[in-house]
Amino acid sequence: MTQETINKVLKFRDDRNWKQFHNPKDLAISISLEAAELLEVFQWSAADVVCENKLDKIKEELADVINYCILMADACGLDLDEIVSEKVKRNNEKYPVEKAFGSKEKYTQLK
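All figures in this text were calculated on a predicted structure; none of them were measured in a lab.

Trainee: Is there a simple way to explain the overall build of the protein chain in this structure?
Mentor: Across its full length, the protein chain holds five helices and zero strands. Moving toward the C terminus, one meets the helices and strands of the protein chain in the order α-α-α-α-α. For the protein chain, the C-alpha radius of gyration of 17 Å lies well beyond 13 Å, the compact-globule estimate for 111 residues. Considering only C-alpha atoms, the protein chain reaches an extent of 50 × 35 × 25 Å along its principal axes. Counting over 111 residues, the protein chain shows a buried share of 19%. Partitioning the intrachain contacts of the protein chain with sequence separation of at least 6 by distance along the chain shows that 53% fall at a separation of at least 24. Entry remark: accessible area of the protein chain is about 8700 Å², with carbon and sulfur atoms responsible for 57%. The protein chain carries 17 positive and 21 negative side-chain charges, and their two centres are separated by 5 Å.

This is the structure:
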């Protein structure tokens, strides 16, 4: 994600004076609610996990999740590139390719 995109989200918030309402607790709730709306796209789909006919709704809900994540990072003074890079590094340690390749097991179950 570019800094330009992040700045657009923050400007949208600031143009409406909404930063005052964006505390970490409420942003965490909003992330969870929007993630649930993304999950709802697949509700009752049974074995149908193909998403081509659902892409518009998926894009909308995924964008909401990402936007709230940007706002949460800003509220907590976190750098998105830094925290994502740190998480990828930790995941690489937990899921080395030679153990995790092609496996859906949790890292504690890898052999």
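Trainee: What should I look at first to understand unusual backbone geometry in this one?
Mentor: In most cases, non-glycine residues show a negative phi, while peptide bonds are predominantly trans. Positive phi, normally seen in glycine, also occurs at N17, with a value near 55°. Structurally, the position occupied by N17 is in the loop between α1 (3–15) and α2 (24–40).

Trainee: Explanation requested: the packing of α2 against helix α3 (residues 55–76) in the structure shown.
Mentor: Relative placement of two packed helices is described by the angle separating their axes and the distance separating the axes. Packing of α2 against α3 brings their axes to within 9 Å, and their N-to-C directions diverge by 165°. Accordingly, the angle class assigned to the pair α2 and α3 is roughly antiparallel. The chirality of how α2 crosses α3 is left-handed. Of the residues in α3, those in contact with P24, L27, A28, S30, I31, E34, A35, E37 and L38 of α2 are I58, E61, L62, D64, V65, Y68, C69, L71, M72, A75 and C76. Among the residues forming the contact of α2 with α3, the class breakdown is 15 nonpolar, one polar and four charged.

What counts, and at which threshold
- Residues numbered from 1 in each chain as written.
- Predicted model: local features only at pLDDT ≥ 70, side-chain atom pairs only at ≥ 80, totals over all residues.
- Heavy atoms only, no water.
- Helix = DSSP H or I, 4+ residues; strand = E, 2+ residues; numbered from the N terminus.
- Rg over C-alpha atoms; globule rule 2.2 N^0.38 Å.
- Buried < 20%, exposed > 50% of the residue type's maximum accessible area, 1.4 Å probe, protein only.
- Contact = heavy atoms within 4.5 Å.
- Areas by Shrake-Rupley, 256 points an atom, 1.4 Å probe, with all protein chains shown as cover.
- Lys, Arg positive; Asp, Glu negative; His and termini not counted.
- Charge placed at Lys NZ, Arg CZ, Asp CG, Glu CD.
- Axes fitted to C-alpha atoms, helices over the stretch in contact; angles between N-to-C directions.
- Parallel < 35°, antiparallel > 145°, perpendicular 65-115°, else oblique.
- Left-handed = near helix turned anticlockwise from the far one by under 90°.
- Nonpolar A, V, L, I, M, F, W, Y, C, P; charged D, E, K, R; others polar.

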